[in-house]
Each structure stands twice: as C-alpha cells, then as structure tokens.
Amino acid sequence: MDRCAKAYEYHKQGYNCAQSVAGAFADLTGLAPEQLMAATGGFGGGVGGSHAEVCGAVSGGVLVLSLLHPHTDGADRAGKVAVYAKTKEFRRRFEEVFGLTRCGELLKARPGVTDKNPAAQRLGVTAHCDNMVVTAVEIVEQMLAEEQG
C-alpha cells in the first residue's frame, strides 16, 4: 500500500491534513479510518482552522506515532520518554524539510516540493497542504522503517 498516495487521496476527498495523515496508517494503528478521522477532526488548519497552531499534518503524524508507541501508564516514565523522543524527532524532520511547523507560518512561506520530499515529487503534488500531508506520511514511514532496522 502506498500510504503517501492514500493520504493524498484522503485530502483530495475533503479530509483535513491531520485526518489525511492519520487515516493513511489505519492498518497499522488497529483503528478504523473513521475512528482516526473522528479523533483528528479538530486538528486541521492549525487547530480548528485557526492557522495559529501546529500544522495539521504534524498533528496527524504525532497521533500515529503515539498510537504505535503508546504511553498508557502514568507511572511508566520510560514509555513517556520514548514517545516524546519519537514525536520530537518527527517534528524535527518535518521542520528540516519545510523550515517551519506552524500552520499559518507554513501558509505564508509556501515551501514547495524539493528533493527533500521525494514522495510529493513522485505523486506530482503541487498544492501546499497536499505537500505537507504527503511529506508527513513519508517521514513517519521513514521512521517506522528505521525502527525495523
């Protein structure tokens, strides 16, 4: 399955950036796409369409990594540290590609497709948010592949 293409398709269907990223990983999370769409519905557009907070594609990626590296016991300090490390690394990689992570700042800067996000190139992505979505999925996939060694 090409998760980048799946996320791109979700976004073209009208799902927000967070929903599109999270939905592409339904098979790995054990949740139905509809559950992931419900959980991420308010995160699009920098939280509720405000453009004031983190990009929805980043929020979707953080949700996926959190589900795949669950911290479910408050006393489990190591689990908390582990999921924080994963999500911090994801955010760092996204910022490395685009220079920013906040929705409104990304919209203003309009970073394009470059050699730093080959999945967007491969899919012929041209729209701004589609680029964020596809690249977020690509980064999560890279991180998961690295875990597999």
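In what follows, the structure referred to is the one given above.
Residues numbered from 1 in each chain as written. Predicted model: local features only at pLDDT ≥ 70, side-chain atom pairs only at ≥ 80, totals over all residues. Heavy atoms only, no water.

1. Brief notes about the overall build of the protein
Alright, step 1. Counting its secondary structure elements, the protein contains nine helices and zero strands.
Alright, step 2. Its helices and strands taken in sequence order, the protein reads α-α-α-α-α-α-α-α-α from the N to the C terminus.
Alright, step 3. A globule of 149 residues ought to have a C-alpha radius of gyration of about 15 Å, and the protein, at 14 Å, matches this closely.
Alright, step 4. C-alpha atoms of the protein, sized along the principal axes, occupy 45 × 35 × 30 Å. (Helix = DSSP H or I, 4+ residues; strand = E, 2+ residues; numbered from the N terminus. Rg over C-alpha atoms; globule rule 2.2 N^0.38 Å.)

2. Section: the environment of Ala7
Alright, step 1. Among the structural elements, Ala7 can be located in helix H1 (residues 3–12).
Alright, step 2. A relative accessible area of 0% places Ala7 in the buried class.
Alright, step 3. Ignoring any residue separated from it by four or fewer positions in sequence, one finds Ala7 in contact with Ser20, Ala24, Val133 and Val137. (Buried < 20%, exposed > 50% of the residue type's maximum accessible area, 1.4 Å probe, protein only. Contact = heavy atoms within 4.5 Å.)

3. A few points about helix H9 (residues 128–148)
Alright, step 1. End to end, H9 covers 31 Å across 21 residues, agreeing with the expected 30 Å (1.5 Å per residue, within 8%).
Alright, step 2. Where H9 ends, the next residue or the one after it, Gly149, has phi of about 75°, a positive value. (Expected span 1.5 Å × (residues − 1).)

4. Re the environment of Leu67
Alright, step 1. Looking at where Leu67 falls in the secondary structure, it is placed in helix H5 (residues 56–68).
Alright, step 2. On a C-alpha basis, the gap between Leu67 and Phe90 in space is 14 Å, while along the polypeptide they are 23 residues apart.
Alright, step 3. Leu67 has contacts with Thr29, Leu31 and Leu36, leaving out every residue within four places of it along the chain.

5. Thoughts on the state of the cysteines
Two cysteines joined by a covalent bond between their sulfur atoms form a disulfide.
Alright, step 1. Within the structure shown, the criterion is met by zero disulfides.
Alright, step 2. Free cysteine Cys55: the closest other cysteine sulfur is in Cys17, separated by 5.4 Å.
Alright, step 3. Between Cys103, a cysteine without a disulfide, and Cys55, which holds the nearest cysteine sulfur, the sulfur-to-sulfur distance is 6.0 Å.
Alright, step 4. Owing to a relative accessible area of 9%, Cys103 belongs among the buried residues under this scheme. (Disulfide = S-S within 2.5 Å.)

6. A look at H5
Alright, step 1. Spanning 13 residues, H5 covers 18 Å between terminal C-alpha atoms, matching the ideal 18 Å at 1.5 Å per step.
Alright, step 2. Every buried residue belonging to H5 is among Gly56, Ala57, Val58, Ser59, Gly60, Gly61, Val64 and Leu65, and all of these are buried.

7. Side note on the nonpolar core
Alright, step 1. Residues Ala57, Phe90 and Phe94 are the most contacted members of the largest nonpolar core, which totals 32 residues.
Alright, step 2. Elements that contribute at least two residues to this core include exactly H1, helix H2 (17–23), H5, helix H6 (77–98), helix H8 (118–123) and H9.
Alright, step 3. A per-element tally of this core places H9 first, with nine residues.
Alright, step 4. Apart from the residues within four sequence positions on either side, Phe90 is in contact with Ala57, Val58, Gly61, Val62, Leu65, Ala136, Ile139, Val140 and Met143. (Core = buried A, V, L, I, M, F, W, Y, C linked by side-chain atoms within 4.5 Å.)

8. Re the pattern of salt bridges
Alright, step 1. This structure, assessed with the given rule, holds 11 salt bridges.
Alright, step 2. As a salt-bridge pair, Lys86 and Glu147 come within 3.1 Å of each other at their nearest N and O atoms. Here Lys86 is found in helix H6, whereas its partner Glu147 is found in helix H9, with 61 residues between them in sequence.
Alright, step 3. Looking at Lys86, the relative accessible area reads 25%, which means it is partly exposed.
Alright, step 4. Under the relative-accessibility criterion, Glu147 is labelled partly exposed at 33%. (Salt bridge = Lys/Arg side-chain N within 4 Å of Asp/Glu carboxyl O.)

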